[in-house]
Amino acid sequence: MHNHFKSILLIAFTFLVTTACFAQTPTETLSVSGLKDSVIVRRDDRSIPYIEAKNDTDLYFAQGYVTAQDRLWQMDLYRRVAGGRTAEIFGSSRLDEDKRWRRFGFAGVVEETYKNYLTPELRAVLDNYARGVNAYMATLNKDSLPPEFRILQYQPEEWKPTDSMLIGKILSDALSTSWYEDATRAKFKDLPKELFNELFVEKTPFDVLVVGKDTEVQSPKPKVQSLKSESRNLFKFADNIQTAAIKDAETRKKSLESIGFYQEFNAASNNWVVSGKRTLDGKPILANDPHLQASAPSIWYLTNLSSPTQRVSGVTIPGTPGVVLGHNEFIAWGATNLGPDAQDLYIETFNDKNEYKTDKGFQAAKIRTEEIKVRPNPLKPETEIVKLEVLETDDGVIIQDDGAKKTALKWTAFDPKNNEFGAFYRLDLAKNWNDFKAALKTYGGATQNFVYADTQGNIGFHNGGAIPIRSSGDGSVPYDGSKNVGKWTGYIPFEELPESYNPLEGFIVTANQRIAGDSYPHFLGHGWAASYRARRIYQLLAANKKVTVGDCMMIQSDIYDISRANFAREIVKMEAAGDETLKILRGWDGKASSDSVSVVLVSEIQRNFLNAILKEKLGEQKANDYRWSNSISLTDWLIREKPADWMPKEGYKAVLLKADAAARESLTKKYGADQTKWTLGGLYKINFVHPLAAAPLIGGIFAIEPLPYKGGGGTVVNAGASVSMRHITVPGDWDNTRQVITLGESGDPKSPFYKDQLESWYSGNTPVFLFSKTAIEKSAKRVVLMNPK
């Protein structure tokens, strides 16, 4: 053990003192096995690679090679997470996470997708990218590997084409959690319908609809699942299902946080697109800022790809070919998560033969045995095998076991016909609205709100992704797997997914809110994020008929909190707080700035207020069980409308006074009596997660100094949740595109490009990302000519 610590210290010391190996000359030549022809890689002052190839085979090969140069260990970690192989390098502390991913069986899903559902063209892209990654790895030896490999004492394995596809499943998991809410709703189905609908609120006055309208007539959507007497007994398992959901949520959070993909749905992403009729220069503007947890390195990687068939620029996820979000010569696109109900639960009845009951009798469950390698000692590379037996029914994978009753999860991500990769390849090549839609038609990942703008002045929006159609019910609570109910009959046809093209209003906004009104004919889901971010963006755009790129930068940095500002006004109007609180709130501008005490105090009062009312209305147990992505809208409805049937015995004012007192007591206990120190940025920090940053002795190599928190779940900017990337572009004026990621291009902490973008990202002063060949050539700080060996 002592010798091992000495070796780790030696690696760390050597790593810290070694001079970074960056070329001192502006041009260098590199001989690379596997290329057909020469490739030029130019890097700018942020070390963004502009890859120019003479054919697409070399283009994707070079992209794999160059990305691996900057992010190899991150790429390896991503495929290990999705494949359930992290205990192999970190030890048993990650075993539960691995079991969760192995239970999903994504490694087998992507293998089937690759073999049976990809075109030869798409397979070639993945193959060439993988060859490039492997060509770079072949240049490394034990001493030149990225430090994480050396510290953890292992070497990267060959990169397979399916590894890139496997990474796409991380996004599916990060953006799909509807079954958690199904489990919660099951515990509340004994409540009166009106009360249930108020608790699990969907519609609010702040909604920003993109398609359809809300009407007073009966919606054509399926009715909420019936609770007939023969199925009511299923809900006696609701406690166990919710317990399983909570446990899974904790494991999922830990896993996704370790790689920067975790985010609560109600604080996710923003995008908008503005017609030239509403901009200063008459050209459309597209803006996008996806929110995912801050991490080191960033989950995004900036790149520019050029060949005789394409020129495309933007961000990709390390390990995946092409550009995911960005623009080419003709169109620009961005995305936010729609978050539809793409997961259903089925309670299966098993006998002692591993058979489960169906409407046609008992049927044998599929049994899959997963062998997970685990390090008994995380400081030593030797591993042992832990076996995991996974059961599957026709309804899905068993995720919770109550003996004779087991719960199966059905999910669009399990369908090998759905893949996250192919659509982005086609988007990179798209030239117009029809091409854009044709690309999205092939997208099978977590359903997104894609926005669009082109050089012809058009703007648009279209959902992409698989949303199930059910034979009965809406999947909002678990189905009885023994009956022929709730079966998926297919997906909503692409042509019938929500879309908008050149709307009269002149702009489109999505921010994970409910986008479709009652008149939309298909069921999308119940659990939307609160509409405050979308409403704030809408307000700012609607008030400005001469929008500029600078305006969009300001909107992306906006920290006005509609919910908490309105709540504070109600407190002041009712004088429903102590004098100190009233004094603070009267002077508040409603902004969640880093130095704001008001936003911290109001948030704590809101939480206490809702909790007190729920306990009186529902009882303590149900109040504790209540979880809802849009619960803030329930809080705001209560304070705004003060409904008589929710009136607490003491009255709303008395509850608010107690909530204020409790908030102050809690903050004092946690942070001291000096309320001037209760600032948002003082109490909460943005932490850039690296899996080894907390490791003793060596973690400081990777650590990034935390930054003060600003914004929140209800504001456009949410630095705490992390704006993972910002993108603003004007089609046709591509050299004025603005794009930034959280830290930098390199995953090497001794590189000057490990965190060089941090200041621009945090300030919101998003730098220019050039596009024209002339501008790229002029801005190049380093040029590498890759020649075939």
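Quantities reported herein were computed from a predicted structural model and do not represent experimental measurements.

About the thresholds
Residues numbered from 1 in each chain as written. Predicted model: local features only at pLDDT ≥ 70, side-chain atom pairs only at ≥ 80, totals over all residues. Heavy atoms only, no water. Helix = DSSP H or I, 4+ residues; strand = E, 2+ residues; numbered from the N terminus. Rg over C-alpha atoms; globule rule 2.2 N^0.38 Å. Buried < 20%, exposed > 50% of the residue type's maximum accessible area, 1.4 Å probe, protein only. Contact = heavy atoms within 4.5 Å. Lys, Arg positive; Asp, Glu negative; His and termini not counted. Charge placed at Lys NZ, Arg CZ, Asp CG, Glu CD. Pairing = 2+ DSSP bridges. Axes fitted to C-alpha atoms, helices over the stretch in contact; angles between N-to-C directions. Core = buried A, V, L, I, M, F, W, Y, C linked by side-chain atoms within 4.5 Å. Salt bridge = Lys/Arg side-chain N within 4 Å of Asp/Glu carboxyl O.

(A) Quick peek at the overall build of the chain. Helices and strands together make up the secondary structure of the chain, namely 25 helices and 28 strands. Here the chain has a C-alpha radius of gyration of 26 Å; the compact-globule value for 789 residues is 28 Å, and the two agree. Projecting the C-alpha coordinates of the chain onto the three principal axes gives extents of approximately 80 × 65 × 60 Å. Per-residue burial for the chain yields a buried fraction of 61% across its 789 residues. Here the analysis covers contacts within the chain between residues at least 6 apart in sequence; of these, 73% occur between residues at least 24 apart. Charged side chains of the chain number 98 positive and 97 negative; the gap between the two group centres comes to 1 Å.

(B) The arrangement of the sheet that holds strand β23 (residues 507-510) in detail. The five strands are arranged β23-β4-β5-β26-β27 in an open sheet whose pairing can be described as antiparallel. Strands at the two margins of the open sheet, each flanked by one partner only, are β23 and β27 (738-741). Strand-to-strand twist in this sheet, taken as the mean axis angle between neighbours without regard to direction, amounts to 5 degrees. Here strand β26 (residues 725-729) runs beside β27; their pairing, made up of four bridges, is antiparallel. Residue pairing in the sheet places M725 in a bridge with I741 of β27. Across the sheet, helix α16 (residues 549-556) lies against β4 (270-274), β5 (285-289), β26 and β27, angled at about 160 degrees from β26, the strand it touches most.

(C) Quick peek at the nonpolar core. The biggest cluster of nonpolar side chains holds 151 residues, and the ones touching the most others in it are F106, F261, W300, F436, F688, W761 and M786. At 14 residues, helix α2 (residues 56-83) tops the list of elements feeding residues into this core. Residue contacts for W300: discarding those within four places in its chain leaves R71, P290, V315, T316, I317, P318, V324, L325, S724, M725 and I741. Counting residues in hydrophobic clusters, the runner-up holds 46 residues, among them L191, L618, L667 and L680.

(D) Up close: the pairing of strand β8 (residues 325-328). Neither face of β8 is open: one carries L325 and H327, the other G326 and N328, and all of them are buried. Examined bridge by bridge, β8 and strand β9 (residues 331-337) share two bridges and lie antiparallel to one another. Bridging across to β9, H327 finds its partner in A332. The turn joining β8 and β9, which pair antiparallel and follow one another in sequence, is formed by two residues.

(E) Just the pattern of salt bridges, in detail. All chains considered together, the criterion is met by 45 salt bridges. The residue R102 makes a salt bridge to E370 at a minimum N-O spacing of 3.2 Å. One end of the pair, R102, is in helix α4 (residues 95-104); the other, E370, is in strand β13 (residues 366-374), with 268 residues separating them in the sequence. Accessibility expressed as a relative area gives 15% for E370, which makes it buried. Look at the salt bridges and you will find they share partners, linking D76, R79, R80, R85, E88, E157 and D163 into a network.

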